[in-house]
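Architecture and fold: a report
Okay, here's what each chain looks like letter by letter:
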Amino acid sequence: MVSWFAGLFRFLLPRSESTTVPRSTTVPRSGPRIVVIGSSTSAGDKLQDLNHGWVWRYRDFLAHAHPGSEVINLAVSGYSTYQLQPDDFATPPARPRVDRDRNISRALRFVPSAVIVNTPTNDTVSGFAVVEQVGNYERIIAEAARHGVPVWIATTQPRNLPASQRHVLIDVRDRILQEFPSHSLDFWTEIAAEDGTIDARYDSGDGTHLNDAAHAVLFARVRDAGIPAYVIAHREV
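Worth saying up front: this structure is predicted, and the values here are computed from it rather than measured.

1. Here's the deal with the overall build of the protein
Helix and strand counts for the protein stand at eight helices and five strands. Seen in sequence order, the protein has helices and strands lined up from the N terminus as β-α-α-β-α-β-α-α-β-α-β-α-α. Counting the 237 residues in the protein, one finds 56% classified as buried. Taking contacts inside the protein between residues at least 6 apart in sequence as the whole, the part at least 24 apart equals 72%.

Listed below in structure tokens is the structure:
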């Protein structure tokens, strides 16, 4: 099996609205390669400055803390956990089809050190049940495990939705924290008001997306998860 640290390229996350996906996965690297899959939060929607997005902040942090590292961002606004399923997943009726350019299978073709999944609210808005959402996360993790790649799952995030949907967001959040305790990222605490809406300090203004200040909080949660340290401790020798 290829080592998680074998063959890392240089950080490729452009400071622009469009994310360039590298074609090659064989250029040598000297630091961790993290691939992000998900939706609008990771894509940087509604930010005043894209460089303030949590993915871009994390890229810059890793560049200094682990020279030679790389973050590849495959996130697409509007995506749910279904678009991120493995290539061979049989999509159920009335569910979004897998996007083979932005899913876990594509992420794994970059031979990453780790994968981060960030799909905060679109599943719930689409009416997907808690068990569906958690099952999709489990399938992503299982596919990555087949390749020896660890996955971190970001929790749901607050959103200004009807109370019934906010309860679903909270239920999914709790299941993620319970089922993946050492590989979950808390994207809820501090960002959310008590009722599950977005705290006014962190709302971009549309009740759906987070602002630059909120992304600073999310970045801190990812940084403090110690993903590079985990990869180093568990890498093949």
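2. Things to note about helix α5 (residues 130-146)
Its 17 residues place the ends of α5 25 Å apart at the C-alpha level, agreeing with the 24 Å of an ideal helix rising 1.5 Å per residue. All of the buried residues in α5 are Val130, Glu132, Gln133, Val134, Gly135, Asn136, Tyr137, Ile140, Glu143 and Ala144. Against α3 (104-108), β3 (114-118), α4 (122-125), β4 (151-154) and α6 (163-179) lie the buried residues of α5. One or two steps after α5, the chain reaches Gly148, where phi turns positive at roughly 70 degrees.

3. Notes on the confidence of the model for the protein
Considering every residue of the protein, the mean pLDDT works out to 90; 87% of them sit at 70 or more. With pLDDT under 50 throughout, residues 1-20 is counted as low confidence; its partners more than four residues away or in other chains account for 86 contacts. Overall, residues 23-28 carries pLDDT values under 50, and its contacts beyond four positions in sequence, including any with other chains, amount to 15 contacts.

4. Describing unusual backbone geometry
With phi around 65 degrees, Ala94 is a residue other than glycine that occupies positive phi space. By secondary structure assignment, the location of Ala94 is in the loop between β2 (70-73) and α3. The residue Val111 is not glycine, and still its phi comes out positive at about 50 degrees. Secondary-structure assignment places Val111 in the loop between α3 and β3.

5. As for the pattern of salt bridges
Under the defined criterion, the tally for this structure stands at eleven salt bridges. Residue Arg33 is joined to Glu70 by a salt bridge in which the shortest nitrogen-to-oxygen separation is 2.8 Å. Here the residue Arg33 occupies a position in strand β1 (residues 33-38), and Glu70 occupies one in strand β2, the gap between them amounting to 37 residues. The same class applies to Arg33 and to Glu70, which are both buried. A salt bridge links Glu179 to Arg175, with the nearest nitrogen and oxygen atoms 2.6 Å apart. Here Glu179 and its partner Arg175 are both found in helix α6, four residues apart, which amounts to about one turn of the helix. In this structure Glu179 comes out as partly exposed when scored by relative accessible area, which is 32%.

The rules behind these values
Residues numbered from 1 in each chain as written. Predicted model: local features only at pLDDT ≥ 70, side-chain atom pairs only at ≥ 80, totals over all residues. Heavy atoms only, no water. Helix = DSSP H or I, 4+ residues; strand = E, 2+ residues; numbered from the N terminus. Buried < 20%, exposed > 50% of the residue type's maximum accessible area, 1.4 Å probe, protein only. Contact = heavy atoms within 4.5 Å. Expected span 1.5 Å × (residues − 1). pLDDT = per-residue confidence, 0-100. Salt bridge = Lys/Arg side-chain N within 4 Å of Asp/Glu carboxyl O.

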